[in-house]
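In case you want the letters, here they are:
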Amino acid sequence: MPMSKSALACAVAAALLAGIAVADRPVGLALAVMLVVMVGAAVAAASRSRVSFGFAVLAVALAAQPLLWDAGWVVAIDVVAALVAGAAAVVPARRWADAGHVALAPWLVVGGGRAVARAGLALGRPAVRRGGAGVVVRGGVLAGVLVAVFAVLFATADSAFAQLVDVDVQLRTDTLVWRCVLGLGVLAGAGALARAAVVGPASGPGRAPRWRPERAELLIPLVAVVAIFAVFVGVQLRVLFGGAGYVRATTGLGYGEYARHGFVELLLVASLTLAIIAVAAARSRDRAVRVLLGALCILTLVVMASAQHRLDLVEDAYGATRVRYAGHAIIIAISLAFALVLAAGLSRRIARRLPFLATTLALAGVLVFSMSDPDRHIAQSATDRARAGKPIDTGYLSGLSADALPALQHLPPGPQRTRILAHIRAARLARADGVFGFNASRARARTPVD
């Protein structure tokens, strides 16, 4: 089934926005609109009965984040999540294979490019009967391309016109190449979303049978893993109640230094445990296996609590950073994943809907993470440390986004505060945003403080 004309129009519109309004601009309105239009391409390509309204709303909410925040690292996560949510809106995640297809669909740009090309060629063929929606779409696409080309040329020729339409395009070879590459990439990405709505995930009886381990070869390693987890948890409880004195006596390390050591390894342990559970799920009806998997989930939650405790100690000793803030989010996400697995083990209804619930939880989690305003939280933590007389990293804070300015303005008066605020304003606010680059966080940061 070919891509619909309305989906093609959305893909072309997103590509034009990318090449003209998004390229070489700070994150803002144009990027948000482009993402919404890309999601629109997927929705337009799908049949109405197949579209998930909840995921479509979630995709739009994620797409709107570049309008709210200035932190590029947060917006990059939002962009990825918005496109995945757009795929989830048109591909029902009933199985794990569907969930995997949802995660990969926006990045299958080669197939997306072919789908756009086929739709474009079909659109260009003369219709059997005159009139109809095809004529309107062809005319709209042609009008959009021509207006974009002439707007760029006029804006290049006259600065007053460029200011009026908020188009600033320098006709240098490197700039044009970048804009064309970005536009083509967005066109193919929108085509990939639309193609996912039409094609859907691969299914059918042709898949190879799933490997199912024998009971003994599964129980033996599960018992061993649960045992080593139990020993580790016992050590962590002793550390928790023994405090800094116990840590120094047994390891020779300070509390903060001890907390920094092994945090990443604990996250890898949790990820590996999820993989073990995925393999063992082939025998989830075996009572002994279910008991061992439940114990493993509970012990892993204790390990995550240990990782959280370590991270709290590191922040107390050295302050909050983007990596540490993201670490908190990862711990919460992994803990919720294990809680969901536990719930699935107790309820067959939840087990049947586990792929859908996991996809929803992951995308909603990204939205909550973005709305928590990470850079402002990091800045507020530094402000609290400075007011308590603790040291702060001036160089690191100077590299934060405009999201951090409201909190950093409450730093104690002095050269540190002046230097940090001046550096962020010069880096993030010196260039005018214009209409396409409008961003609520930068607009707030430009508002004078009473």
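The preceding data block contains the structure.
Description of the structure in this document. Keep in mind the model is a prediction, meaning the values are calculated, not measured.

Points about unusual backbone geometry
Link 1 in the chain: With phi around 60°, Asp373 is a residue other than glycine that occupies positive phi space.
Link 2 in the chain: Checked against the element boundaries, Asp373 lands in the loop between helix H17 (354–371) and helix H18 (374–387).
Link 3 in the chain: Under the relative-accessibility criterion, Asp373 is labelled buried at 9%.

Quick word on the side chain of Asp403
Link 1 in the chain: Position of Asp403 among the secondary structure elements: in the loop between helix H19 (394–398) and helix H20 (405–408).
Link 2 in the chain: Despite its burial, Asp403 remains without a salt bridge, the nearest opposite charge being carried by Arg444 at 5.4 Å.
Link 3 in the chain: Only 3.1 Å separates the side chain of Asp403 from the backbone nitrogen of Ala71, close enough to count as a polar contact.
Link 4 in the chain: If near-sequence neighbours (up to four positions away) are discounted, Asp403 is found in contact with Trp69, Asp70, Ala71, Asp373, Asp375, Arg376 and Ser441.

A look at helix H15 (residues 322–346)
Link 1 in the chain: In a regular helix each residue adds 1.5 Å, so 25 residues correspond to 36 Å; H15 covers 36 Å between its end C-alpha atoms and thus fits that length.
Link 2 in the chain: All of the buried residues along H15 are Arg324, Tyr325, Ala326, Gly327, His328, Ile331, Ile334, Phe338, Leu340 and Ala344.

Considering the side chain of Ser370
Link 1 in the chain: Mapped onto the elements, Ser370 comes out in helix H17.
Link 2 in the chain: Those residues in contact with Ser370 that lie beyond four places of it in its chain are Gln65, Trp69, Val74 and Asp78.

A short note on the pattern of salt bridges
Pairing between side chains of opposite charge can happen when the charged atoms of each approach one another.
Link 1 in the chain: Tallying each qualifying case throughout the model produces seven salt bridges.
Link 2 in the chain: Linking Arg442 and Asp70 is a salt bridge whose minimum nitrogen-to-oxygen distance equals 2.7 Å. In this pair, Arg442 sits in helix H22 (residues 440–446) while Asp70 sits in the loop between helix H4 (65–68) and helix H5 (72–88), placing the two residues 372 residues apart along the sequence.
Link 3 in the chain: The class for Asp70 is buried, based on a relative accessible area of 2%.
Link 4 in the chain: Its salt-bridge partner being Asp375, residue Arg322 comes within 2.7 Å of it at the nearest N-O pair. A residue pair is termed long-range when its members are at least 10 positions apart, and Arg322 in helix H15 and Asp375 in helix H18 qualify at 53 residues.
Link 5 in the chain: Residue class for Arg322 comes out partly exposed when judged on its relative accessible area of 22%.
Link 6 in the chain: The class for Asp375 is buried, based on a relative accessible area of 0%.
Link 7 in the chain: The structure contains a network of salt bridges with shared partners spanning Asp70, Arg428, Asp433, Arg442 and Arg446.

Quick notes on the environment of Val27
Link 1 in the chain: Relative to the helices and strands, Val27 is located in the loop between helix H1 (5–22) and helix H2 (29–45).
Link 2 in the chain: Taking the C-alpha atoms as reference, Val27 lies 7.2 Å from Asn439; in sequence the two are 412 residues apart.
Link 3 in the chain: Setting aside anything within four residues of it in sequence, one finds Val27 in contact with Pro66, Trp69, Asp70, Val75, Gly437, Asn439 and Arg442.

Some points on the packing of H15 against H17
Describing two packed helices takes the angle between their axes plus the distance from one axis to the other.
Link 1 in the chain: Between H15 and H17, the least distance of the axes is 11 Å, while the angle of their chain directions is 160°. Here H15 lies roughly antiparallel to H17, going by the angle between them. Helix-helix and strand crossings are classified by hand; for H15 and H17 the assignment is right-handed. Residues Tyr325, Ala326, Ala329, Leu336, Leu340 and Ala344 of H15 pack against Leu354, Leu357, Ala358, Leu361 and Phe369 of H17.
Link 2 in the chain: Here the residues of the contact of H15 with H17 are counted per class, giving 11 nonpolar, no polar and no charged.

Remarks on a nonpolar patch on the surface
Link 1 in the chain: On the surface, a nonpolar cluster with roughly 280 Å² of combined accessible area is contributed by Val177, Trp178 and Val181.
Link 2 in the chain: Inspection of the secondary structure puts Val181 in helix H10 (residues 173–199).
Link 3 in the chain: Residue Val181 is classed as partly exposed on the basis of its relative accessible area of 49%.

Scoring rules and cut-offs
- Residues numbered from 1 in each chain as written.
- Predicted model: local features only at pLDDT ≥ 70, side-chain atom pairs only at ≥ 80, totals over all residues.
- Heavy atoms only, no water.
- Helix = DSSP H or I, 4+ residues; strand = E, 2+ residues; numbered from the N terminus.
- Buried < 20%, exposed > 50% of the residue type's maximum accessible area, 1.4 Å probe, protein only.
- Lys, Arg positive; Asp, Glu negative; His and termini not counted.
- Salt bridge = Lys/Arg side-chain N within 4 Å of Asp/Glu carboxyl O.
- Polar contact = N/O pair within 3.5 Å; in protein donor to acceptor, adjacent residues only side chain to side chain.
- Contact = heavy atoms within 4.5 Å.
- Expected span 1.5 Å × (residues − 1).
- Axes fitted to C-alpha atoms, helices over the stretch in contact; angles between N-to-C directions.
- Parallel < 35°, antiparallel > 145°, perpendicular 65-115°, else oblique.
- Left-handed = near helix turned anticlockwise from the far one by under 90°.
- Nonpolar A, V, L, I, M, F, W, Y, C, P; charged D, E, K, R; others polar.
- Patch = residues over 30% accessible without salt bridge, like charges linked within 9 Å, V, L, I, M, F, W, Y side chains within 5 Å.
- Areas by Shrake-Rupley, 256 points an atom, 1.4 Å probe, with all protein chains shown as cover.

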